[in-house]
Amino acid sequence: MKFMRTVHDWRRARETPDPMTGVGNLFDTAVVFIAALLLALMTVFDAKEIFSKDSRLTIIKKNDQGELTIIRKQGRKMQAVRMTREEAAGRGTRLGTAYRLEDGSMIYVPED
């Protein structure tokens, strides 16, 4: 009879739910969801070049106030520079003129 009680107690102990098993499953699901979301974002924005160690990449962003953010990546080094129109005035030389045509395309004409 002692053997039967042990088997019965073992089954009863197995059937009692452990509240932490659900938390572990939620954590695993969240990690898989985050990994899939990062992969989808990289695919949509074509951001594979950011993680390549030999690539060169330049991104120029402009916000509503007219402030430019230039992000440069050369190899493993990344640099972000924020500039306003006043800060950038007089720093460069004029290379040419760009024209937007009626169909929406742009033409660059260099200066001699």
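Residues numbered from 1 in each chain as written. Predicted model: local features only at pLDDT ≥ 70, side-chain atom pairs only at ≥ 80, totals over all residues. Heavy atoms only, no water.

Asker: Hey, could you run me through the sheet that holds strand S3 (residues 77–83) in this one?
Answerer: Two orientations exist for strands paired in a sheet by backbone hydrogen bonds: parallel and antiparallel. Pairing is antiparallel in the open sheet, where three strands are placed in the order S1-S2-S3. Bordering the open sheet on either side are strand S1 (56–62) and S3, each of which pairs with just one other strand. Within the sheet, the average angular offset between the axes of one strand and its neighbour, ignoring direction, is 10°. As paired elements, strand S2 (residues 68–74) and S3 share seven bridges and run antiparallel to each other. By the bridge assignment for S3, Gln74 is matched with Lys77. (Pairing = 2+ DSSP bridges. Helix = DSSP H or I, 4+ residues; strand = E, 2+ residues; numbered from the N terminus. Axes fitted to C-alpha atoms, helices over the stretch in contact; angles between N-to-C directions.)

Asker: Would you mind going over the pairing of S2 with me for this structure?
Answerer: On a regular strand, each side chain points to the face opposite its neighbour's, so the side chains alternate between the two faces of the sheet. Where S1 and S2 come together, seven bridges link them in antiparallel fashion. Among the inter-strand pairings, Lys62 is bridged to a residue of S2, identified as Leu68. Joining the antiparallel neighbours S1 and S2 is a turn of five residues, in which Gly66 adopts a positive phi near 90°. If you look at the hairpin formed by S2 and S3, you'll find two residues sitting between the two strands, and Gly75 has a positive phi there, around 65°.

Asker: Teacher, can you tell me more about a nonpolar patch on the surface here?
Answerer: Residues Phe33, Ile34, Leu37, Leu38, Leu41, Val44 and Phe45 make up a contiguous nonpolar surface patch of about 760 Å² in total accessible area. Positionally, Phe33 belongs in helix H2 (residues 19–44). Taking the relative accessible area as the measure of exposure, Phe33 reaches 56% and is therefore exposed. (Patch = residues over 30% accessible without salt bridge, like charges linked within 9 Å, V, L, I, M, F, W, Y side chains within 5 Å. Areas by Shrake-Rupley, 256 points an atom, 1.4 Å probe, with all protein chains shown as cover. Salt bridge = Lys/Arg side-chain N within 4 Å of Asp/Glu carboxyl O. Buried < 20%, exposed > 50% of the residue type's maximum accessible area, 1.4 Å probe, protein only.)

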